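Here is how the chains run, residue by residue.
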Amino acid sequence: MNLHFWRRAERPAAVRKPAPDEPGTAAEAGTTGFPRVTVVLLGLGGAAATVFGLWALQPVAAPVALALVLTICAHPVRGALERIRVPRGVATVLAILLVFALLAGFVAALLVALTQFTTLLPQFTPQLEQIGEEISDWLASIGVGAQSAETIVAGFEPSNLIDLIGGVLGGITGIVFSLVVILTLVMLMALDATYLSTLFTQLRESHPAIVSAILGYAVSVRRYMVAATALGLLQSSMNFIALALLGVPAPLLWSLLSFICSFIPNVGYFIALIPPTVFGFLVGGWPTGIAVILIYGIINVIVQSIVQPLLVSNVVALGQTITFVSVLFWTPVLGPVGAVLAVPLTLLVRAVLLDADPRAAAWRPLTGDIDEAKRIMRARDAAARQERAGRKREAPKKRPAAGAGQQPDKRLL
């Protein structure tokens, strides 16, 4: 199978810095008559309206975004089947069935984990109530009011925890609606994608920058999702084995949580760490709780704090700061789906605002595409080293010779 989609996309050829006298340059764009401040404020206002609209349409926008990413990731499968002489219609159907199978497996694992969670909580009701009482006494000792303490402690009741999980997931009705929308969109997008190659060929002559931006975005999303999935499977499998050996209840649930959170850069580790630590403490006390923290610290910190940021920077040319801020931004806009798809959504914004506009190409390095900056820095460092080496070689020539200007010792003659 040709895995050409894994190769990092080069900067689109159409995205270049235009010449100063070229039509459509920034000089011509500045003849609109609006001051720069006005243009910036109008742009910020439009961005705010767009973000508010996405938030208001979250039940629809989130499934659409997820279906788009799934379709992009499955598209190379259809292309690979066509290259081995599989009929186009059959290849499209097989790609759709592959996405359906992956979604079905994930939903089944999620339902099993939630069932395990709902049956697990009542077994630890006395321990949770005791923890709540201890927290209430500690809050009272530091001056927190009784009513506030009761509100905080009420969160440790099993029924409230189940309601909290249901609220985060949106309830059974919301899950079913989202699945129906996602499956329908994946099927329709996969069918429409059959004509994309021809459409892009037609559009490339008149809009080369836009076509290059779309193709580059698709390649970046595939690379990121493949790499993030591989890392998530690795760390969730290791977490499952460690939790099972430590005797922590519901290791499948916590390993599934770890896999989902692996798609959330930087923040996902802390989300996945808290529940198994709490239940490890309930089962085995402080030794088990500390052991869970240490194991997650060794496995997840290395993967999510070291490997994943470097991977995102190298694979999709996105800065680590922007990656972290994207999680904080897309989570309130699209909910849990926004947190999981923070990087693909940010890549989409960059493709629309920067890659699709040749005049904005100069701003792309500020988002993390620093290959050219690295080459410049290496050249400057090499020149600085050569300059220092040259000064060191010239230094002995400028020093006076040893004993210069002194009469030789006659005893040595």
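Residues numbered from 1 in each chain as written. Predicted model: local features only at pLDDT ≥ 70, side-chain atom pairs only at ≥ 80, totals over all residues. Heavy atoms only, no water.

Asks: Outline the pattern of salt bridges, supporting the account with residue identities and numerical values.
Replies: The full count for this structure, using the stated rule, is five salt bridges. Of the charged contacts, one joins R78 and E82 as a salt bridge, the two residues approaching to 2.4 Å between their closest N and O atoms. Remark: E82 and R78 occur in helix α3 (residues 58-83); sequence separation between them is four residues, near one turn of the helix. One salt bridge in this structure joins R391 and E387, with 3.1 Å as the shortest N-O distance. (Salt bridge = Lys/Arg side-chain N within 4 Å of Asp/Glu carboxyl O. Helix = DSSP H or I, 4+ residues; strand = E, 2+ residues; numbered from the N terminus.)

Asks: Lay out helix α13 (residues 320-334) in plain terms, naming residues and giving numbers.
Replies: Between its first and last C-alpha atoms α13 spans 21 Å; for 15 residues at 1.5 Å apiece the expected length is 21 Å, and the two agree. All of the buried residues along α13 are T323, S326, V327, W330, V333 and L334. Following α13 by one or two positions, G335 adopts a phi angle in the positive range, close to 75 degrees. (Expected span 1.5 Å × (residues − 1). Buried < 20%, exposed > 50% of the residue type's maximum accessible area, 1.4 Å probe, protein only.)

Asks: For the packing of helix α4 (residues 88-120) against helix α11 (residues 251-261), give the residues involved together with the corresponding values.
Replies: Running from N to C, α4 and α11 point in directions that differ by 130 degrees, and their axes come no closer than 9 Å. Regarding the angle of α4 to α11, the classification is oblique. Crossing handedness for the pair α4 and α11: left-handed. Where α4 approaches α11, its residues F106, A109, L110, V112, A113, Q116 and F117 are matched on the opposing element by L252, L253, W254, L256 and I260. Split into classes, the residues belonging to the contact of α4 with α11 amount to 11 nonpolar, one polar and no charged. (Axes fitted to C-alpha atoms, helices over the stretch in contact; angles between N-to-C directions. Parallel < 35°, antiparallel > 145°, perpendicular 65-115°, else oblique. Left-handed = near helix turned anticlockwise from the far one by under 90°. Contact = heavy atoms within 4.5 Å. Nonpolar A, V, L, I, M, F, W, Y, C, P; charged D, E, K, R; others polar.)

Asks: Mind laying out the nonpolar core, listing which residues take part and the relevant values?
Replies: By size, the foremost hydrophobic cluster in this structure holds 32 residues, and its most contacted members are V221, Y224, V316 and L347. Broken down by secondary-structure element, the contributors of at least two residues to this core are α3, α10 (208-246), α12 (268-316), α13 and α15 (342-355). In terms of residue count, the dominant contributor to this core is α10 (eight residues). (Core = buried A, V, L, I, M, F, W, Y, C linked by side-chain atoms within 4.5 Å.)

Asks: Any details on the packing of aromatic side chains? Residues and values, ideally.
Replies: How two aromatic rings sit relative to each other is given by the distance of their centres and the angle of their planes. Inspection of the entire model under this criterion finds four aromatic pairs. Seen in terms of ring centroids, W254 and F279 are 5.3 Å apart; in terms of plane orientation they differ by 35 degrees. Their pairing is tilted. Note that W254 is positioned in helix α11 and F279 in helix α12, a separation of 25 residues in sequence. In this structure W254 comes out as buried when scored by relative accessible area, which is 3%. Here F329 and W330 contribute two aromatic rings whose centre-to-centre distance is 5.0 Å and whose plane-to-plane angle is 85 degrees, an arrangement assigned as edge-to-face. (Phe/Tyr/Trp six-rings, centres within 6.5 Å; stacked < 30°, edge-to-face > 60°.)

Asks: I'd like a rundown of the environment of T288, residues and numbers included.
Replies: Looking at the element boundaries, T288 is found in helix α12. Separated by 45 residues in the primary sequence, T288 and L243 place their C-alpha atoms 9.6 Å from one another. If we ignore the near neighbours within four places in the chain, the residues touching T288 are L246, V248 and G280.

Asks: Report on unusual backbone geometry, specifying residues and quantitative values.
Replies: A positive phi angle, close to 75 degrees, is found at R85, a residue other than glycine. Along the polypeptide, R85 turns up in the loop between α3 and α4. Phi angles above zero are rare outside glycine, and A317 is one such case at about 55 degrees. Turning to its location among the elements, A317 is positioned in the loop between α12 and α13. Judged by relative accessible area, A317 falls into the buried class, the value being 1%.

Asks: Could you give an account of the packing of α10 against α11, with specific residues and numbers?
Replies: Axis separation between α10 and α11 bottoms out at 8 Å; the angle between their running directions is 155 degrees. With respect to their mutual orientation, α10 and α11 come out roughly antiparallel. Remark: the crossing between α10 and α11 carries right-handed chirality. Only P251, L252, W254, S255, S258 and F259 of α11 make contact with α10, whose side of the interface consists of T229, G232, L233, Q235, S236, N239, F240, L243 and A244.

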